[in-house]
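Single-letter residue listing:
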Amino acid sequence: TRPSFRMDTPSFPELGLAQPLLQAIADLGFERPSPIQALAIPPAVQGHDLVGISETGSGKTAAFTLPLLQKLDLARHVPQALVVCPTRELAMQVCEEIHQLGAHLPGLHAVPVYGGAPMDRQIRHLRDGAHVVVGTPGRLLDHLDRGTLQLAAVRIVVLDEADRMLDMGFRDEMERLLGQLPDERQTLFFSATMNREVARIIEGHSHDPRRIEVEQA
Ligand code: AMP
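This write-up is about the structure you can find in this document. None of these values were measured; they are calculated from a predicted model.

Now for the site of the ligand. The environment of the ligand is made up of Phe-12, Phe-30, Arg-32, Pro-33, Ser-34, Gln-37, Thr-56, Gly-57, Ser-58, Gly-59, Lys-60 and Thr-61. Measuring from an oxygen atom of the ligand, one finds a backbone N or O atom of Gly-57 at 2.7 Å. Here the ligand has 500 Å² of accessible area as a free molecule, and 66% of this is covered by the chains. Partitioned by chemical class, the residues of the shell around the ligand number 3 nonpolar, 7 polar and 2 charged.

And the structure:
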């Protein structure tokens, strides 16, 4: 017997995703969207700001990665999407998932940028024309301050594990990063928990976000 939620779960093609993304989803063997994906992908594809309350293991990474990839103009070699993560490990994982889900997007260039790794290699990769930059707050600001990262063309930003970044003391860095992004952009917050601190940063940096919450699997 199948879990009952599957009865109402739409299929991936019904979520508004483009063919190269559906192909990558099929390659990975994903059969059905997880609940957070079914709820978050359609409004994100349509351009709405989002707050997704969900845990690791819910499929949240693909929930923001698929809409993000759909919005890229691969002919323009400038950062158009930014993902901010609490840790180096998470930044690497997200970048890996971007490469997997973007496997049929020719020329896609996603660059991870985190502390504790040499700057020069990251600078070279950024100079090579990154479409997507995934990084930790301190190192992202470091690149911004040195002029090795430009955010003027960013149209979508994801704050992944926002509650954890706040717990780790990154509030000022998050505020500074968000403050440097163009106003005309889409903002997606993902967080395992909601509290006053999380709500405050969301309120200050998003427009009428849709709130999506899924129960822990
Ligand atoms: P996450 O919650 O983003 O850390 O994802 C947890 C794991 O589930 C990852 O290994 C994904 O590759 C996998 N995954 C994400 N979405 C799906 C899906 N719709 N079907 C099967 N596996 C998935």
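The next point concerns the sheet that holds strand 7 (residues 210-213). An order of 3-4-2-5-6-1-7 is seen for the 7 strands of this open sheet, with the pairing classed as parallel. The open sheet has two edge strands, strand 3 (110-113) and strand 7, and neither has a second partner. This sheet shows a mean twist of 15 degrees between the axes of neighbouring strands, independent of strand direction. Against the sheet, helix 2 (residues 35-46) makes contact with strand 1 (50-53), strand 6 (186-191) and strand 7, and its axis sits at roughly 165 degrees relative to strand 7, the strand it touches most. Across the sheet, helix 9 (residues 196-205) lies against strand 1 and strand 6, angled at about 175 degrees from strand 6, the strand it touches most.

With respect to the helices, strands and loops of the structure, His-143 is situated in helix 6 (residues 137-146). Overall, His-143 belongs to the buried group, its relative accessible area being 0%. Among the polar contacts made by the side chain of His-143, one reaches the side chain of Thr-148 at a distance of 2.8 Å. Excluding residues that lie within four positions of it along the chain, His-143 makes contacts with Val-113, Met-119, Gln-122, Ile-123, Leu-126, Thr-148 and Leu-149.

Turning to the pairing of strand 4 (residues 132-135), a few remarks are in order. Residues Val-132 and Val-134 point to one face of strand 4 and Val-133 and Gly-135 to the other, with burial holding for every one of them. Where strand 2 (residues 81-84) and strand 4 come together, 4 bridges link them in parallel fashion. Within strand 4, the position partnered with Ala-81 by the bridge is Val-132. Note that strand 3 and strand 4 share 4 bridges and pair parallel. The residue bridging Ala-110 from the neighbouring strand is Val-132, located in strand 4.

Our next topic: unusual backbone geometry. For Glu-161, which is not a glycine, the phi torsion comes out positive at approximately 55 degrees. Residue Glu-161 is classed as buried on the basis of its relative accessible area, which comes to 9%.

Glancing now at helix 5 (residues 119-127). Among all positions in helix 5, only Met-119, Gln-122, Ile-123 and Leu-126 are buried. Looking straight down helix 5, one finds its buried side chains confined to an arc of 100 degrees; they lie on one side. Buried residues along helix 5 sit in contact with strand 3, strand 4 and helix 6. One or two steps after helix 5, the chain reaches Gly-129, where phi turns positive at roughly 100 degrees.

Here we take up the packing of helix 5 against helix 6. Two elements in contact, helix 5 and helix 6, have axes whose closest approach is 12 Å; the angle formed by their N-to-C orientations is 70 degrees. Overall, the two elements helix 5 and helix 6 adopt an arrangement that is roughly perpendicular. The handedness of the crossing between helix 5 and helix 6 is right-handed. Mapping the contact onto sequence places Met-119, Gln-122, Ile-123 and Leu-126 in helix 5 and Arg-139, Asp-142, His-143 and Arg-146 in helix 6. Of the residues belonging to the contact of helix 5 with helix 6, the class tally is 3 nonpolar, 2 polar and 3 charged.

Cut-offs and rules
- Residues numbered from 1 in each chain as written.
- Predicted model: local features only at pLDDT ≥ 70, side-chain atom pairs only at ≥ 80, totals over all residues.
- Heavy atoms only, no water.
- Near = heavy atom within 4 Å.
- Polar contact = N/O pair within 3.5 Å; in protein donor to acceptor, adjacent residues only side chain to side chain.
- Areas by Shrake-Rupley, 256 points an atom, 1.4 Å probe, with all protein chains shown as cover.
- Nonpolar A, V, L, I, M, F, W, Y, C, P; charged D, E, K, R; others polar.
- Pairing = 2+ DSSP bridges.
- Helix = DSSP H or I, 4+ residues; strand = E, 2+ residues; numbered from the N terminus.
- Axes fitted to C-alpha atoms, helices over the stretch in contact; angles between N-to-C directions.
- Contact = heavy atoms within 4.5 Å.
- Buried < 20%, exposed > 50% of the residue type's maximum accessible area, 1.4 Å probe, protein only.
- Arc of directions from axis to C-beta.
- Parallel < 35°, antiparallel > 145°, perpendicular 65-115°, else oblique.
- Left-handed = near helix turned anticlockwise from the far one by under 90°.

Keep in mind that these numbers describe shape and distance, not what the molecule does.
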